[in-house]
Amino acid sequence: LQNTSTSVNMRERLDFSCAIFDAAGHLIANAPHVPVHLGAMGESVQTVIRSRGATLQPGDVVVLNNPFNGGTHLPDLTVVTPVFDDAGTSILFFVGNRGHHADIGGTTPGSTPPHSTQLIEEGVVIDDFLLVAAGSFHETQFRELLTRAPYPARNPDMNVADIKAQIAANACGVRELKKLAARYGSEVVAAYMRHVMDNGEESIRCAIGALKDGAFDYLMDDGSPLRVAVSIDHQARAATIDFTGTGAQHAGNFNAPPAVV
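Predicted model, so just to flag it, every value in this text is computed and none were measured.

## Side note on the layout of surface pockets
Here the largest pocket is characterised by a volume of approximately 1200 Å³. In terms of lining residues, the largest pocket is bounded by 34 residues, among which Asn 253, Phe 254, Asn 255, Ala 256 and Pro 257 are the most central. For the lining of the largest pocket, a count of residues per class yields 18 nonpolar, 13 polar and 3 charged. Each pocket or cavity is described by its volume, and for the second largest pocket that value is around 180 Å³. If you trace the second largest pocket, you find it lined by Leu 1, Cys 18, Ala 19, Ile 20, Val 95, Gly 96, Asn 97, Ala 169, Asn 170, Gly 173 and Leu 177. Elements with a minimum of two residues in the lining of the second largest pocket: strand 1 (16-22), strand 5 (91-100) and helix 4 (156-184). Looking at which element gives the most residues to the lining of the second largest pocket, the answer is helix 4, with 4 residues.

This is the structure in structure tokens:
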């Protein structure tokens, strides 16, 4: 993605993340770039599974950016590609990447207007758009999506160039996972993905076991309270994170949807 993107955001600043998911959309492995991308991206993959799981076919690619479906802010476009078995009937894995586009529309250049009160004021809202169908890139439809919004993208040529890089990056991931499955068998690869998740859980539980209870309070610039308390159950090696007392949803744009939290 870094090698084939054209924007400063992706090529120079590396404001993107790539990840591998199992067939249920659970994160297995990720590149160490932007944590908020990686923590939320699984919800975007699972959105695609819920909305298109029964209709996806080999060569399909879906793009979305809605914060209420796992997105972060609108300039972050998530591109999701299923990895099918050789028969083209069953999805074995998913690959995905999220890249920060330089502009996706909105009331101000850069798509992060400080005074917006509606999501649409930040730019083009994309919900589960079929970007590539059976290997055919829907460039015309994608350009229409970018330019027909109330606050359209300012440089759709740049968006198209970077989205092609995102599609290509996923295609690379699909190719490598298929090679892995061909060498070891898809069942073995899926089993080791489960081992990776089990190891991750055990590592986190060990870390939790070394923690103590804690709490934190902070007032944002506008006076809104941010409050979090963490309580540790050492016997269960589990933590409860409680946001009780945090301010209600803000009228402006400084809110975190559940996937980001």
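## Examining the sheet that holds strand 9 (residues 225-233)
Reading across the sheet, the 3 strands line up as 8-9-10 and stay open at both edges, with antiparallel pairing between neighbours. Two strands in the sheet have a free side with no partner beyond their single neighbour: strand 8 (214-219) and strand 10 (238-242). In this sheet, neighbouring strand axes are inclined to one another by 10° on average, regardless of whether the strands run parallel or antiparallel. Judged from the 5 bridges that link them, strand 9 and strand 10 form a sheet pairing that is antiparallel. Note on strand 10: the bridge partner recorded for Ile 232 is Ala 239.

## Things to note about the pattern of salt bridges
Inspection of every chain in the model, using the stated rule, returns 14 salt bridges. For Arg 175, the salt bridge identified is with Glu 176, shortest N-O distance 3.7 Å. For Glu 176, a relative accessible area of 35% gives the class partly exposed. Here Arg 194 makes a salt bridge to Asp 198, at a shortest N to O gap of 3.1 Å. One end of the pair, Arg 194, and the other, Asp 198, are both in helix 5 (residues 186-209), 4 residues apart, so they sit about a helical turn from each other. Judged by relative accessible area, Arg 194 falls into the partly exposed class, the value being 41%. Overlapping salt bridges bring together Glu 139, Arg 143, Asp 157 and Lys 164 as one network.

## Some points on the sheet that holds strand 4 (residues 76-84)
Taken together, 7 strands build an open sheet; the order of strands is 2-1-5-4-3-6-7 and the sheet is antiparallel. The open sheet has two edge strands with one neighbour each: strand 2 (27-30) and strand 7 (136-137). Direction of pairing for strand 1 relative to strand 2: antiparallel, over a ladder of 3 bridges. The residue bridging Phe 21 from the neighbouring strand is Leu 27, located in strand 2. Strand contacts of helix 3 (residues 139-147): strand 4, strand 6 (129-133) and strand 7, with the helix running at about 160° to strand 6, the strand carrying the most contacts. Against the sheet, helix 4 engages strand 1, strand 3 (61-64), strand 4, strand 5, strand 6 and strand 7, with an angle of about 30° to strand 4.

## Quick notes on the packing of helix 3 against helix 4
Between helix 3 and helix 4, the least distance of the axes is 10 Å, while the angle of their chain directions is 130°. Put simply, helix 3 runs oblique to helix 4. Handedness of the crossing formed by helix 3 with helix 4: right-handed. Only Pro 156, Asp 157, Asn 159, Val 160, Ile 163 and Lys 164 of helix 4 make contact with helix 3, whose side of the interface consists of Glu 139, Phe 142, Arg 143, Leu 146 and Thr 147. Taken together, the residues of the contact of helix 3 with helix 4 sort by class into 5 nonpolar, 2 polar and 4 charged.

Rules and cut-offs
Residues numbered from 1 in each chain as written. Predicted model: local features only at pLDDT ≥ 70, side-chain atom pairs only at ≥ 80, totals over all residues. Heavy atoms only, no water. 1 Å grid on protein atoms, 1.4 Å probe; cavity = no way out; pocket = protein on both sides within 12 Å on 5 of 7 lines; lining within 4 Å. Points joined across faces, edges and corners; volume = space filled by probe spheres on them. Nonpolar A, V, L, I, M, F, W, Y, C, P; charged D, E, K, R; others polar. Helix = DSSP H or I, 4+ residues; strand = E, 2+ residues; numbered from the N terminus. Pairing = 2+ DSSP bridges. Axes fitted to C-alpha atoms, helices over the stretch in contact; angles between N-to-C directions. Salt bridge = Lys/Arg side-chain N within 4 Å of Asp/Glu carboxyl O. Buried < 20%, exposed > 50% of the residue type's maximum accessible area, 1.4 Å probe, protein only. Contact = heavy atoms within 4.5 Å. Parallel < 35°, antiparallel > 145°, perpendicular 65-115°, else oblique. Left-handed = near helix turned anticlockwise from the far one by under 90°.

Just geometry here; none of it tells us what the structure is for.
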